[in-house]
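Next come the chains, spelled out residue by residue.
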2 protein chains.
Amino acid sequence: MKIVIIGGVAGGSKTAAKAKRLCPDAQVDIYTQDTHVSYSACGLPYYVQGNFEDYHNLIIRTPEKFRKDGIGVYLRHRVTKIYPENKKIEVRNLETDAKFYVQYDKLVIATGAKPVMPDIKNCHIKNVFTLRTVEDGINLRVQLRKSKTAVIVGGGYIGLELLEAFVANKVRTTMIERSRHIMSILDDEISELVQNFVETLYPDLTEVITGEYVKEILGEGYVTGVKTNTGKVIKADLVLLAAGVEPVVDIASEAGVKLGKTGAIKVNSRMETNIKDIYACGDCIENIYSMTGIPAWIPLGSNANKEGRCTAMNICGHPEDFEGVLGSAVTKYFGLTISRTGFTEKFARQNGFDTVSVMITKKDKAGYMPDAENVTLKLVADKRTHQLLGGQAIGCGDADKRINTLSTALLKYVTAEELSGADITYAPPFSTSIDPLISAARLLAEKLQK
Amino acid sequence: MKIVIIGGVAGGSKTAAKAKRLCPDAQVDIYTQDTHVSYSACGLPYYVQGNFEDYHNLIIRTPEKFRKDGIGVYLRHRVTKIYPENKKIEVRNLETDAKFYVQYDKLVIATGAKPVMPDIKNCHIKNVFTLRTVEDGINLRVQLRKSKTAVIVGGGYIGLELLEAFVANKVRTTMIERSRHIMSILDDEISELVQNFVETLYPDLTEVITGEYVKEILGEGYVTGVKTNTGKVIKADLVLLAAGVEPVVDIASEAGVKLGKTGAIKVNSRMETNIKDIYACGDCIENIYSMTGIPAWIPLGSNANKEGRCTAMNICGHPEDFEGVLGSAVTKYFGLTISRTGFTEKFARQNGFDTVSVMITKKDKAGYMPDAENVTLKLVADKRTHQLLGGQAIGCGDADKRINTLSTALLKYVTAEELSGADITYAPPFSTSIDPLISAARLLAEKLQK
């Protein structure tokens, strides 16, 4: 059996490694246009920031290790076309520009996601960056250390993580976000809190502009600044474009692979596309929310790893279903943790749910412990069934613990009432005797019962 | 309606406050032999250690606040007898030694737990302490600051928390535990790890002796040391007895209130004892494991609070069931977190389960993050149903998050296979792309499927 995998970051490299373990006799080859495989893309902002010095730390498995295990790795090889009827792909060697064809028995599309290129004039001059690959990280880190000012276009996860990186390096940074708030993936009242925190933590180094967008990059050859739609000019020695990501689906789609309503590749629970012997996994596929079956595109390394594993299991004759995701995610901005699982209230309403929600702020530990900090929790439930639909937590306290505790409850359709009976560990350095999550669940249950 | 509550720490004071809110017209009175009500007993070790200076921080509601809310508080009043047929109690004022009787419509027994007094000679001389009340904490803290050496009898939660307090104050301390390991409430392989950590962290200040017990306290008037059953003599300026706790059930039991097989008071899910109009809550009652209905005595502040609330709801005509507990608990020894939920493997086996378990050690965060630390996880499942029965986690990494994530899964009878599909938040500062809990669940699922 010949297994060909397109893309080698999280989903692709996980598929390869697991498939080779399960079917040692199979030929397993990874083709990627990238110069690296099997790296932690989520770790790039922390490398840029300088939390560690050597980018090799981000690499989970080197090409040499893959080859030693009998897995072929073709770096700088772009797959340009899929021929499902002949079960072959067209590959271009980006070094030599040579074109050739490769047969497959099973094809895995793990082409990932790429930064959305916003419609900005003069976008391709020097020191305008996106962050996707290890190379991007290396280049950005070098330029960051030479810069005094920067602009970040977009206030989502990556924008925020790089804002921390920039500010930690004492680079005065302006974040420009088109929506009303940064972190607009969260409910408004939560994103407002994030934004307040960002604006007040290092006011000398940080400016946040919302409801505005960059029209033009300024500079000849090298960036010198940006101009917004209102004519504002902001100086910058570097510009980072982090205006969202989109699934890489072009060659899949050209070959007749069906996309879902989110624009990402549609797969079934066995990671199969609509075309026989073509699987897909990782950031290029559409997920399903396990609480409800609603499709959503949630490109995260945690999902990609599980999907890669599941793809390999199914290819190698160990049928396994990937039951869906909850959209659990976490990030931080210096001391502030931002975490979520399940639906935001706005997503739930967009999808026709009649929601009831509560938001509370409590200490994360016994108030007399010197390191007790606040955590703000929002819980969302369905009005009719009382089933919990999701939660968001932010704070300098331990917000992430509460969200993960909620996440396994969502797996099993727990109601607000049931969650209020949860048994959460308590000791003064870890929690309050009634954990903030229990308080929130109780308050929500009371509101639902009215 | 006249509601009389015996005991006023967590369960009793919660019942009082909630009942008064629900039934403002009821007369609510707390009788306690203690000098304080409504305090965080779990916080006493941290007060002793010096994490904060003022013991008033431990007090949640003062007697004055209770009285302002219309709740009677009778400190230093010991209830000596219950007359269920006449619905009255006998009370002794410990200051004046006066005896009197109080009528009730609803009686709540919240007498809590007390330290087991081990069978040790000369136990009642000065500077031999137990830790139960605020007074105990104040006295222990004063003596600790005058001491150079100490002995702790017992290596459970309280013993360990006070070992940290003593060692942090540079008092050379010997812990003596009768069992083979300290923290013997955990499975052996986990308690061994705890013990290794304790023995190696501050070897100049700490000695742990296991499989031995104290026979005699040495000293006349003031403690000077202890002698063990093997004749070992250990010098000590103070001795702490922390050889376990037991439910305070004497007056309840004399009045005909039924005890469960654990020796604590048996209640139904509405917190009613076998005698009409007598309720019980807090550390004096027997709990039920919600996964299985097996009775267990799990005296914890988190449970007591929930039980107190539930008692008040039922007394005040808002029927509510307390569905049971999971035995979730956490403590720490300096940087080491020790956390558990559900059954240990030995408890499961003692109760007739055919168990399968796994234990893994992984980084709690992406390995390249400078503050990544280990967490060791043990998961236990039932061999036939694959239902998870419990988990234990220890480590300098974030062990508690994993246990709480597991705890809500236990609420809903989740199997190892289902847990391996959990969606846990991932970002390099918070987790690994495949969280240690997922890794453990997968390994367990594979082992179960063999």
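Scroll up to find the structure.
Reading guide: rules and limits
Residues numbered from 1 in each chain as written. Chains lettered and ligands numbered in written order. Predicted model: local features only at pLDDT ≥ 70, side-chain atom pairs only at ≥ 80, totals over all residues. Heavy atoms only, no water. Helix = DSSP H or I, 4+ residues; strand = E, 2+ residues; numbered from the N terminus. Buried < 20%, exposed > 50% of the residue type's maximum accessible area, 1.4 Å probe, protein only. Areas by Shrake-Rupley, 256 points an atom, 1.4 Å probe, with all protein chains shown as cover. Lys, Arg positive; Asp, Glu negative; His and termini not counted. Charge placed at Lys NZ, Arg CZ, Asp CG, Glu CD. Contact = heavy atoms within 4.5 Å. Buried area = accessible area lost by both parts, 1.4 Å probe. Salt bridge = Lys/Arg side-chain N within 4 Å of Asp/Glu carboxyl O. Polar contact = N/O pair within 3.5 Å; in protein donor to acceptor, adjacent residues only side chain to side chain. Nonpolar A, V, L, I, M, F, W, Y, C, P; charged D, E, K, R; others polar. Phe/Tyr/Trp six-rings, centres within 6.5 Å; stacked < 30°, edge-to-face > 60°. Pairing = 2+ DSSP bridges. Axes fitted to C-alpha atoms, helices over the stretch in contact; angles between N-to-C directions.

A. Quick peek at the overall build of chain A. Within chain A, the secondary structure is distributed over 12 helices and 25 strands. On the principal axes, the C-alpha backbone points of chain A span a range of 65 × 55 × 40 Å. Classification of the 450 residues of chain A by burial places 61% in the buried group. For chain A, the exposed area adds up to about 17200 Å²; of that, 48% sits on carbon and sulfur atoms. Positive and negative side-chain charges in chain A, numbering 56 and 53 respectively, have mean positions lying 2 Å apart.

B. Examining the interface of chain A and chain B more closely. In this assembly, 60 residues from chain A lie in contact with 59 residues from chain B. Carbon and sulfur atoms supply 60% of the area that chain A and chain B bury against each other, a total of about 4800 Å² over both sides. The closest approach of N and O atoms between R309 of chain A and E446 of chain B, which form a salt bridge, is 3.3 Å. At the surface where chain A touches chain B, the tally comes to 27 residue pairs in polar contact (both at pLDDT 80 or more). Breaking the side of chain A that touches chain B down by element, the ones donating at least two residues are α1 (11-22), α8 (301-315), β21 (329-333), β22 (336-342), α10 (399-411), α11 (416-420) and α12 (436-449) of chain A. No other element matches the nine residues that α10 of chain A contributes to the side of chain A that touches chain B. Of the residues contributing to the side of chain A that touches chain B, the split by class is 25 nonpolar, 21 polar and 14 charged.

C. Local environment of the packing of aromatic side chains. Summed over all chains, the structure comprises 24 aromatic pairs over all chains. With a centroid separation of 6.4 Å and an interplanar angle of 90°, the aromatic rings of F197 of chain B and Y333 of chain B are classed as edge-to-face. In this pair, F197 of chain B sits in helix α6 (residues 188-201) while Y333 of chain B sits in strand β21 (residues 329-333), placing the two residues 136 residues apart along the sequence. Exposure remark for F197 of chain B: the relative accessible area of 18% places this residue in the buried category. With a centroid separation of 5.0 Å and 85° between ring planes, the pair formed by Y333 of chain B and F334 of chain B is classed as edge-to-face. Residue classification places Y333 of chain B among the buried positions, given a relative accessible area of 0%. Residue F334 of chain B is classed as buried on the basis of its relative accessible area of 19%. Taken together, the ring pairs connect Y47, F52 and Y55 of chain A together with Y368 of chain B into an aromatic cluster.

D. Structural view of the sheet that holds strand β7 (residues 106-109) of chain A. Residue and element names in this part refer to chain A. Strands sit in the order β3-β2-β1-β7-β18 across an open sheet of five strands; the sheet is parallel. The sheet terminates laterally at β3 (71-74) and β18 (278-280), the two strands that pair on one side only. Going from strand to strand, the sheet's axes swing by 20° on average, the running direction of each strand aside. Direction of pairing for strand β1 (residues 2-6) relative to strand β2 (residues 27-31): parallel, over a ladder of five bridges. Bridge pairing links I6 to Y31 in β2. The sheet strands contacting α1 are β1, β2, β3 and β7, and the helix crosses β2 at an angle near 170°. Strand contacts of α8: β1, β7 and β18, with the helix running at about 160° to β18, the strand carrying the most contacts.

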